[in-house]
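Observations on the model geometry
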Amino acid sequence: MTVEGAGAEPGAARLPSRLARLLSALFYGTCSFLIVLVNKALLTTYGFPSPIVLGIGQMAATIMILYVSKLNKIIHFPDFDKKIPVKLFPLPLLYVGNHISGLSSTRKLSLPMFTVLRKFTIPLTLLLETLILGKQYSLHIIASVFAIILGAFIAAGSDLAFNLEGYVFVFLNDVFTAANGVYTKQKMDPKELGKYGVLFYNACFMIVPTLIISVSTGDLQQATEFNQWKNVLFIMQFLLSCFLGFLLMYSTVLCSYYNSALTTAVVGAIKNVSVAYIGMLLGGDYIFSVLNFVGLNIWFSALA
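The structure presented is a predicted model; accordingly, all values stated were derived computationally and were not measured.

1. A short note on the overall build of the chain
Check the secondary structure of the chain and you find 13 helices and zero strands. What you see in the chain, going N to C, is helices and strands ordered as α-α-α-α-α-α-α-α-α-α-α-α-α. Counting the 304 residues in the chain, one finds 54% classified as buried. Restricting to contacts in the chain with at least 6 residues of sequence separation, those with at least 24 account for 87%. Taken as a whole, the chain presents about 14100 Å² of accessible surface, with 70% of it coming from carbon and sulfur.

Below you can see the structure in the form of structure tokens.
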């Protein structure tokens, strides 16, 4: 699949363009792989009831890491001014929607079905890049995308552990992810907010509204009453998820910066091949059926 480049910042100019694209894609794929496994353990194995609180922890980690890095002059992004919300819109809304719907769907679905249904992000990204960014793709790429959709429909139609709420959340997650990727690509002008500014102000603008949602829905209360807070292993995995949340956000922006939003979506899909097969063996919530398994493998082969 063709990978579109982007204007390079001074630090990126030292890297060969192709190497920068490859490394950013590998970094994103690795972070995305790890956080799905850790979040699945927290939300399903431990039964942590509060995906919104987990999202707040990931936003808080992003804000702290980027702010401390800015204070120590490791990175740079513009100081706040009244034009920043206008420059950033609608990214904060897409960001929090992507966060909450992603964590909620991870809890409700088996890993194989979650990863297959997440791949509707790819055709949505292709469509939005065409409409918003004016990109054009070859018939070969479009045919591959339709094969992905076919495999997902077959797998979903024979999912013996069907969960309507999980399906709604994962399709919302697909929409938010696609829109977030395309608008992030559009707004990462180094002369404006840059990569770090987009990350920092996204998290800043949405952490308080998300906290209000968490309090009003009882999600925060469920988190405070959770019975595993004295479990050191649980706490370590919770903190790891927060840190991985920051790494995932950073690696997503980095991959989109050096590549296209569609390339970022496809890298996530390739990563999900291993996640799905691991979920079949270790997840504990996948129910085997022949048709479902065939649909999963049609989807996998479409990524080849």
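2. Some thoughts on the UniProt feature "transmembrane region" (unreviewed entry) in the chain
Taken from the UniProt record, the annotation "transmembrane region" (unreviewed entry) applies to residues 22-42, 48-68, 137-155, 167-184, 196-217, 229-250 and 286-303. The span residues 22-42 is 100% helical and 0% strand by assignment, and the distance between its end C-alpha atoms comes to 31 Å. Span residues 167-184 is 100% helix and 0% strand, its end C-alpha atoms 25 Å apart.

3. Here we look at the nonpolar core
Counting 49 residues, the largest nonpolar core has Phe-48, Leu-66 and Phe-238 as the members making the most contacts within it. Where this core is concerned, the elements lending two or more residues are α1 (17-45), α2 (51-71), α3 (84-88), α4 (91-108), α9 (194-216) and α11 (232-258). In terms of residue count, the dominant contributor to this core is α11 (12 residues). Counting the residues that make up this core, at least three belong to each of domain 1 (21-48 + 226-303) and domain 2 (82-224). Contacts of Leu-66, omitting those with residues within four sequence positions, involve Ile-75, Phe-77, Tyr-196, Leu-199, Phe-200 and Phe-246.

4. Regarding the side chain of Ser-251
Relative to the assigned elements, Ser-251 resides in helix α11. On the basis of relative accessibility, which here comes to 0%, the residue Ser-251 falls in the buried class. Of the polar contacts made by the side chain of Ser-251, one reaches the backbone oxygen of Leu-248; its length is 3.0 Å.

5. Examining α1
Between its first and last C-alpha atoms α1 spans 41 Å; for 29 residues at 1.5 Å apiece the expected length is 42 Å, and the two agree. Of the residues flanking the end of α1, it is Gly-47, one or two places downstream, whose phi is positive at about 75 degrees.

Cut-offs applied
Residues numbered from 1 in each chain as written. Predicted model: local features only at pLDDT ≥ 70, side-chain atom pairs only at ≥ 80, totals over all residues. Heavy atoms only, no water. Helix = DSSP H or I, 4+ residues; strand = E, 2+ residues; numbered from the N terminus. Buried < 20%, exposed > 50% of the residue type's maximum accessible area, 1.4 Å probe, protein only. Contact = heavy atoms within 4.5 Å. Areas by Shrake-Rupley, 256 points an atom, 1.4 Å probe, with all protein chains shown as cover. UniProt positions renumbered as here; feature names shortened; annotations may be inferred. Core = buried A, V, L, I, M, F, W, Y, C linked by side-chain atoms within 4.5 Å. Domains from an automatic or database assignment. Polar contact = N/O pair within 3.5 Å; in protein donor to acceptor, adjacent residues only side chain to side chain. Expected span 1.5 Å × (residues − 1).

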